[in-house]
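Residue-level structural notes
Residue strings, one per chain:
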Amino acid sequence: RQHDRYIAYGGNLEVGVVDRPWAKRLLLRGFASAQDQEVQSNLTMTIPDGELKKKSDIYGTTLRYVVALRSNIDLEFVGNYSRTTTNFIDKADWVYDWYGRRNRSRSFGGETNAMRKLDTLTWETSVYARPSLAWTITPQQILRVASTLSSTAITGDERIMRDSRSRDPATAKRDLFTVVSGLEYELNLIEDRLSNILFGKDYLYQVDSEEPPLSLLDRWGMSEIDRHRLGAGDALRFRVTPWLDAKASYEYATRLPSPEELFGDVVGNNALESTFGAGGSMSVPNLELDPEVSHNGNLGFRAQLERTPTGNLTIESNAF
């Protein structure tokens, strides 16, 4: 094994208060981490790399607040801010074999890009907020509402530019904003032996992205994408006996594309210039991705036998 060093470290500090009249829990956490990774080959392990590196560091803070507004109404809020800096370095002057030996020099390009070398800095700023409210109408009925807001902004800087007169494609602005909201009604009957949760969801998805030109004759473009979808589902659980539970659920669900899937993990990298099957986990941008819609069903049971002659026994099966 050659050129596969991996170093990572990090830490966090948390302060807060609990069990106060104005806060069941109020916690503030700060965190930071970093990693330095040598990339040994492309994803399919067919081409060795001898100098490719990827470095990143992340820092941020998380706030969590839980309070009882009334005896039967609880409010919870979770907020997060993070800043990630990634440095993708592909400046190899040599072609390497699997033993780390230099075979021949490169006339141009790097290990992942046949046209040019790369030393790309990427900055990703993410903000996340999730307020939720739970109302215990009766001991058997609970109504919950929650909304998750997420915003990601990405830009970068390519420190090896072929033409100083043209705009750096890594500086392209790429913004993703999503809001996922849900309303849930839980009903418990027959001394809590029967539990049913009925829910509905709302998905909002917005992308604003600058598009670098694919050729010298093209101009910078701007892509604006808006999607809105609805979803719903139901989850049922029944305690057949004190030791046997049965459950079934269905959801018409939507999975929204992640920033890495939309924008790639090296900002400004031109898909037309990249070699197929590049090193590391490098992926090219794809703004044509749509949210994925699926019908999800589950059916299962759980049997828990305690204090048998052979000890406690749990059997669980689930079909989906």
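That block above? That's the structure.
First, a word on scope: everything that follows refers to the structure included in this document. Counting restarts for each chain, with residues numbered from 1 along the sequence as it is written. Local features in this predicted model are restricted to residues whose pLDDT is 70 or higher, and side-chain atom pairs enter the listing and the counts only when it is 80 or higher, whereas totals over whole chains, interfaces and linings include all residues. Excluding hydrogens and water, the side-chain figures rest on all heavy atoms present in the structure.

What follows covers the sheet that holds strand E8 (residues 141–158). The criterion for strand pairing is that DSSP finds at least two bridges linking the strands in question. Numbered from the N terminus, helices here are DSSP runs of H or I no shorter than four residues, and strands are runs of E no shorter than two. Ordered by their spatial adjacency, 12 strands build an open sheet running E1-E2-E3-E4-E7-E8-E9-E10-E11-E12-E13-E14, and the pairing between neighbours is antiparallel. Each of the sheet's edge strands pairs with one partner strand only, and the pair in question is strand E1 (6–20) and strand E14 (311–319). Strand-to-strand, the axes of this sheet are offset by a mean angle of 10°, without reference to chain direction. In terms of strand pairing, strand E12 (residues 244–255) meets strand E13 (residues 292–308) through 12 bridges, oriented antiparallel. Residue Ala253 lies in a different strand from E13, and its bridge partner there is Ser294. Each axis is a line fitted through C-alpha atoms, and for a helix only the stretch in contact is used; angles between axes span 0 to 180 degrees, taken between their N-to-C directions.

This part covers the side chain of Thr85. Looking at where Thr85 falls in the secondary structure, it is placed in strand E4 (residues 73–90). Among residues more than four places away in sequence, those in contact with Thr85 are Lys55, Ser56, Asp57, Leu121, Thr122 and Trp123. By the convention used here, residues are in contact when the closest approach between their heavy atoms is within 4.5 Å.

Let's shift gears to the pairing of strand E9 (residues 174–189). Bridge count for E8 against E9 is 14 bridges, and the pairing is antiparallel. Residue pairing for E9: Ser151 is matched across the bridge by Phe177. Inspection of the sheet shows E9 paired to strand E10 (residues 194–211) by 16 bridges, in the antiparallel sense. Considered in E10, the bridge of Phe177 is made with Gln206.

To continue, consider the pattern of salt bridges. Criterion for a salt bridge: a side-chain nitrogen of Lys or Arg within 4 Å of a carboxyl oxygen of Asp or Glu. In the structure shown here, the tally under the stated rule is 21 salt bridges. Arg255 is paired through a salt bridge with Glu261; the nearest N and O atoms lie 3.2 Å apart. By relative accessible area, which is 32% here, Glu261 ends up partly exposed. Among the ionic pairs, Glu316 bridges to Arg302, the shortest N-O distance being 3.1 Å. Here Arg302 lies in strand E13 and Glu316 lies in strand E14, a separation of 14 residues in the sequence. A simple rule labels every residue: compare its accessible area, found with a 1.4 Å probe on the protein chains alone, to the largest value its type can have, and call it buried under 20%, exposed over 50%, or partly exposed in between. Here Glu316 falls in the partly exposed class, since its relative accessible area comes to 46%. Its relative accessible area of 33% is what places Arg302 among the partly exposed residues.

A separate point is unusual backbone geometry. Within the chain, Asp19 stands out as a residue other than glycine whose phi angle is a positive 55°. Take Asp19: it is sitting in strand E1. Overall, the relative accessible area of 67% leaves Asp19 in the exposed class. Positive phi values are uncommon outside glycine, yet Met45 reaches one of about 55°. On the secondary structure map, Met45 appears in the loop between strand E2 (23–38) and strand E3 (53–70).

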